[in-house]
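Summary of the model geometry
Here are the chains, one letter per residue:
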Amino acid sequence: MRHPLVMGNWKLNGSTHMVNELITGLRKELSSVTGCDVAIAPPALYLSQAKQALAGSRIALGAQDVDVNLSGAFTGETSASMLKDIGAEYIIIGHSERRTYHRESDEFIAKKFAILKQQGLIPVLCIGETEQENEAGQTETVCARQIDAVLNTVGAEAFQGAVIAYEPVWAIGTGKSATPAQAQAVHKFIRDHIAQKDAVIAKQVIIQYGGSVNADNATELFAQPDIDGALVGGASLKADAFAVIVKAAAAAKKA
């Protein structure tokens, strides 16, 4: 049985005070919650501080990106080996903001996936379509293309222990969200697509939903059979709001 994962992507938000305050709140809110894995991804500058603040808790540390190189003359980058050394476990790659603002290609993101697996880290592969692609009926085509880049680079077996986050770009930070039925249909397509290569791994892979997940829609989203938690943006910056989502995921999988 798949174990749901709720992960907070803090994006470009944080300060030394905020990191301590938010993690203190999360530890309090989630101290008695079981049945759902939890992770947070602060900005890289605060990973060490966050790791210390999380010590002894069940909240895992994640990061928002990684470079394809392990070391060398690559100013400003952070390698998979560095993230592993600092104690990060879940690494977000392929987020639409990286694809859009940094022009990261499917093939480049697949290289990141490969280096993370090589280093024993857990890739959180973000995929999803733009509003224009959605309106043109290209959702499945786009998701398949983004997954195929990884399948063609490292094979279906690399998805063992990995995470996929379906995030329709038109729903990220907009207040819009796919309906539970819409999200479920895409999640099922993603699982079926991987199953064409390896049915066992497809059944086990965690597929999160992301895109304006909040306290109002979390319960219904997590009730869908192929939605295994969420990658949460804005709501992850408030301990109480994030905790509601985590608790909804835990409750849905217990039901």
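An unreviewed UniProt entry lists the protein chain under the name Triosephosphate isomerase, with Photorhabdus luminescens given as the organism. Regarding the protein chain, the UniProt comment filed under Subcellular location (unreviewed entry) reads as follows: "Cytoplasm". Annotation of the protein chain in UniProt includes, under Subunit (unreviewed entry), the sentence "Homodimer."

Within the UniProt annotation, "active site" (unreviewed entry) is assigned to H95 and E167. For the residues just named, distributed over 73 residues, the greatest C-alpha separation is only 8.3 Å, placing them together at one site. Here the residues from the annotation list that line the largest cavity are H95 and E167. Its place among the elements puts H95 in the loop between β4 (90-93) and α4 (96-101). Residues in contact with H95, not counting those within four places in the same chain, are N9, K11, C126, E167 and I172. On the basis of relative accessible area, E167 is assigned to the buried category, the value being 6%.

Space inside the largest pocket adds up to approximately 530 Å³. Around the largest pocket sit 21 residues that line it, and A44, Q64, D65, R98 and H102 are the ones nearest its centre. For the lining of the largest pocket, the element with the highest residue contribution is α4, accounting for three residues. For the second largest pocket, the lining is made up of 19 residues, of which G173, S212, V232, G233 and G234 are closest to its centre.

Before going further, it helps to spend a moment on the side chain of Q184. Relative to the elements of secondary structure, Q184 occurs in helix α8 (residues 180-195). Not counting the four nearest positions on each side in its chain, Q184 is found in contact with Q224, P225, D226 and I227.

This part takes up the UniProt feature "binding site: substrate" (unreviewed entry) in the protein chain. The positions that UniProt labels "binding site: substrate" (unreviewed entry) are, in the present scheme, N9, W10, K11, G173, S212, G233 and G234. A stretch of 226 residues holds the annotated residues, and the largest C-alpha distance among them is 14.1 Å, short enough that they meet in one place. Lining the largest pocket, from this annotated set, are N9 and K11. Here G173 is to be found in the loop between β6 (163-166) and α8. If you trace the backbone, G233 turns up in the loop between β8 (229-232) and α11 (239-254).

It is worth spelling out the packing of helix α1 (residues 16-30) against helix α2 (residues 47-54) at this point. Across the interface, α1 lies against α2 with an axial gap of 10 Å and an inter-helix angle of 30°. In this view, α1 runs roughly parallel relative to α2, as classed from their interaxial angle. The chirality of how α1 crosses α2 is right-handed. Packed against α1, whose contacting residues are T16, V19, N20, I23 and R27, the element α2 presents Q49, A50, A53 and L54 at the interface. Residues of the contact of α1 with α2, tallied by class, amount to five nonpolar, three polar and one charged.

This part is about α1. Each α-helix turn comprises 3.6 residues. Residues three or four places apart therefore point the same way. Counted at 1.5 Å a residue, the expected span for α1 with its 15 residues is 21 Å, and the 21 Å between its end C-alpha atoms agrees. M18, V19, L22, I23, G25, L26 and L30 are the residues of α1 that are buried. What you see down the axis of α1 is that its buried residues fit within an arc of 160°, all on one side. Of the exposed residues in α1, those oriented more than 90 degrees away from the buried face are T16, H17, E21, T24 and K28.

Reading guide: rules and limits
Residues numbered from 1 in each chain as written. Predicted model: local features only at pLDDT ≥ 70, side-chain atom pairs only at ≥ 80, totals over all residues. Heavy atoms only, no water. UniProt positions renumbered as here; feature names shortened; annotations may be inferred. 1 Å grid on protein atoms, 1.4 Å probe; cavity = no way out; pocket = protein on both sides within 12 Å on 5 of 7 lines; lining within 4 Å. Helix = DSSP H or I, 4+ residues; strand = E, 2+ residues; numbered from the N terminus. Contact = heavy atoms within 4.5 Å. Buried < 20%, exposed > 50% of the residue type's maximum accessible area, 1.4 Å probe, protein only. Points joined across faces, edges and corners; volume = space filled by probe spheres on them. Axes fitted to C-alpha atoms, helices over the stretch in contact; angles between N-to-C directions. Parallel < 35°, antiparallel > 145°, perpendicular 65-115°, else oblique. Left-handed = near helix turned anticlockwise from the far one by under 90°. Nonpolar A, V, L, I, M, F, W, Y, C, P; charged D, E, K, R; others polar. Expected span 1.5 Å × (residues − 1). Arc of directions from axis to C-beta.

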